[in-house]
Amino acid sequence: MKRKSDIVVILIFIIVILMFYTVFLIGQKDISEEENRLLAKLEIFQMKDFIHSKFQTNLENAISDQILFSSQIKTNILSVRKEMIGLMDRIILGIRNNKDGRYYVAVGEDTYTMNQDDYLLNKTGKYIYNEKAVEYFNQIEGAQKYLYFIESDCSQIYNDGIKENWIYEDIIKKIEVENADKLDVDTYEKYKEYFYKTDHHWKYKGSYQGYRDIIDLLGVQDKKVQVVEEKVYDTYFLGSKARDAAEYDTKEKFTVYQYNNEKPKTTYINGELKPYGDVEGYDNGKYESELLTNHYANYYGTDYAEVIYDYDKPEKENLLIISNSYSNAINEIIASHFNKTYIVDLRLYEEFNPNEYIKQNKIDKVLILGDIRLFGDTYFKKIDLNQF
């Protein structure tokens with residue numbers, strides 16, 4: 001009996017190894033559309049990385065990300081995990097009632113519905129506010145700084161009516177900026193107007209309101225970009241919350257606003273000249289329709305360390321946007337008001353000196369743009385906040 005079990009273990013080990021080494025035949029993947037993130041890749045062995053355990057960590061992550069059928073395996077694991085966690089959450093928490101008649105119902109780990117409608121909500125407190133992030137932003141100098149904070153279900157509680165967002169209030173007391181504003185999402189009805197049913201990002205109405213607020217915040221005197229069409233594509237969008245909770249019943253058509261903004265002369269992604277996003281492809285009907293396709297990333301553009309828009313208008317100012325994926329939906333329409341706009345995502349940097357960057361690129365204004373994730377450990381995954 002023991003001999004048979006040993007043989008089974010050996011066979012499973014051989015299969016896993018073969019699944020991993022297929023990467024050398026089919027090549028390494030760059031992006032996980034299901035998880036909306038860059039995938040870890042195998043790197044060349046270097047002794048200094050091995051000594052500091054960086055090589056071992058990267059190898060472990062690469063095996064997880066690059067193994068054959070990794071995305072399907074993760075999806076199946078999430079489905080089983082969701083059923084088990086959702087069951088336990090229901091047993092322990094049941095239905096969370098509140099004084100105004102609304103209630104949360106658990107559907108998975110850190111995921112709920114309100115009144116059993118079809119919007120998935122993150123559990124408030126899922127992302128932890130780290131005051132050291134404010135200290136990082138405070139050390140930026142050499143340009144005028146502005147803050148735009150996005151309220152969402154991760155920082156606002158809706159089941160007890162309107163509540164003050166203490167995180168935003170604390171940030172604006174401590175952060176050193178010329179001016180600050182927020183996307184005001186203080187009611188559940190407004191949340192549903194501004195956000196997707198199953199994704200953490202703002203949808204077209206929320207992002208356009210954010211753009212309008214930001215242009216006023218930055219003191220731009222140009223006429224604002226106008227909506228020319230509300231376009232509904234013939235495909236469904238299941239977002240990050242649906243993927244995390246393996247909750248695939250709620251669907252909504254992928255819908256966007258299209259604008260009358262001027263297009264940039266050139267766009268650079270990580271130093272390479274190429275377009276950002278795929279609006280043209282979607283308009284020509286060239287988009288994927290698989291259940292878990294990340295249309296937000298595919299349409300607006302996925303996350304890169306640096307994106308640069310050059311409008312070649314030297315009489316206008318240069319803007320630096322420090323953001324997460326929330327800015328993806330409005331990068332171009334904000335950039336249309338400036339000479340050059342630089343967007344950096346600090347999640348993808350191990351080291352980034354903002355003051356040198358500002359000096360090198362002659363930045364006039366800095367916009368700090370994001371939700372609670374921008375002020376927590378999940379954003380500064382590689383940059384050490386303990387230095388501040």
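Everything that follows concerns the structure shown earlier in this document.
All figures in this text were calculated on a predicted structure; none of them were measured in a lab.

Draft legend 1. Quick look at the overall build of the protein. Within the protein one finds 14 helices and 16 strands. Counting contacts in the protein only where the partners sit at least 6 residues apart, residues at least 24 apart contribute 71% of the total. Of the roughly 19700 Å² of accessible surface on the protein, 52% is carried by carbon and sulfur atoms.

Draft legend 2. Summary view of the nonpolar core. Ranked by size, the top nonpolar core spans 49 residues in total, and within it Trp202 and Leu367 carry the most contacts. It is helix H9 (residues 204-217) that provides the largest number of residues to this core, a total of six residues. Those residues in contact with Leu367 that sit more than four places away from it in its chain are Tyr146, Tyr148, Ile214, Leu217, Leu218, Leu319, Leu320, Ile321, Ile322 and Ile334. Core analysis: the next-biggest nonpolar cluster, separate from the first, contains 35 residues, Tyr129, Phe149, Ile322 and Val344 among them.

Draft legend 3. A look at the pattern of salt bridges. Scanning all chains against the criterion turns up 15 salt bridges. Across the pair Asp216 and Lys224 runs a salt bridge, and its minimum N-O distance is 2.8 Å. Here Glu317 and Lys365 are joined by a salt bridge, their closest N and O atoms 3.4 Å apart. In this pair, Glu317 sits in the loop between strand E13 (306-310) and strand E14 (318-323) while Lys365 sits in strand E16 (residues 365-370), placing the two residues 48 residues apart along the sequence. On the basis of relative accessibility, which here comes to 33%, the residue Glu317 falls in the partly exposed class. For Lys365, a relative accessible area of 7% translates into the label buried. A single salt-bridge network, built from bridges that share partners, covers Glu131, Asp170 and Lys174.

Draft legend 4. Summary view of empty space enclosed by the protein. With the rule as written, the count across this model stands at one cavity of 30 Å³ or more. Here the largest cavity defines a volume of roughly 70 Å³. Taken together, 14 residues make up the lining of the largest cavity; nearest its centre are Tyr304, Ser327, Asn328, Ile343 and Asp345. Within the lining of the largest cavity, the residues separate by chemical class into five nonpolar, seven polar and two charged.

Draft legend 5. Structural context of the packing of aromatic side chains. For the structure shown, the criterion picks out 33 aromatic pairs. Here the aromatic rings of Tyr136 and Phe137 are separated by 5.7 Å at their centres, their planes lie at 80 degrees, and the arrangement is edge-to-face. Like Phe137, Tyr136 is buried. Members of the aromatic cluster, each reached through a chain of ring pairs, are Tyr196, Tyr233, Phe237, Phe254, Tyr282, Tyr287, Tyr296, Tyr299 and Tyr300. Over the ring of Tyr236 we find Lys253, and its NZ or CZ is 4.6 Å from the ring centre.

Draft legend 6. Looking closely at H9. Here H9 is 14 residues long and its end C-alpha atoms lie 20 Å apart, about the 20 Å a rise of 1.5 Å per residue gives. Summarising burial for H9: 10 of the 14 residues are buried, a large majority. Buried within H9 are the following residues: Tyr204, Gly206, Ser207, Tyr208, Gly210, Tyr211, Asp213, Ile214, Ile215 and Leu217. Residue Gly219 follows H9 closely and has a positive phi angle near 75 degrees.

Draft legend 7. Inspection of the pairing of E16 at higher detail. Judged by how many residues are buried, E16 sits mostly within the fold: six of six residues are covered. The pairing of strand E7 (residues 144-150) with E16 spans six bridges and is parallel. Bridge pairing links Leu147 to Ile368 in E16. Relative to E16, E14 runs parallel, the two sharing five bridges. Pairing of Leu320 across the sheet is with Val366, part of E16.

The rules behind these values
- Residues numbered from 1 in each chain as written.
- Predicted model: local features only at pLDDT ≥ 70, side-chain atom pairs only at ≥ 80, totals over all residues.
- Heavy atoms only, no water.
- Helix = DSSP H or I, 4+ residues; strand = E, 2+ residues; numbered from the N terminus.
- Contact = heavy atoms within 4.5 Å.
- Areas by Shrake-Rupley, 256 points an atom, 1.4 Å probe, with all protein chains shown as cover.
- Core = buried A, V, L, I, M, F, W, Y, C linked by side-chain atoms within 4.5 Å.
- Buried < 20%, exposed > 50% of the residue type's maximum accessible area, 1.4 Å probe, protein only.
- Salt bridge = Lys/Arg side-chain N within 4 Å of Asp/Glu carboxyl O.
- 1 Å grid on protein atoms, 1.4 Å probe; cavity = no way out; pocket = protein on both sides within 12 Å on 5 of 7 lines; lining within 4 Å.
- Points joined across faces, edges and corners; volume = space filled by probe spheres on them.
- Nonpolar A, V, L, I, M, F, W, Y, C, P; charged D, E, K, R; others polar.
- Phe/Tyr/Trp six-rings, centres within 6.5 Å; stacked < 30°, edge-to-face > 60°.
- Lys NZ or Arg CZ within 6 Å of the ring centre and 35° of its normal.
- Expected span 1.5 Å × (residues − 1).
- Pairing = 2+ DSSP bridges.

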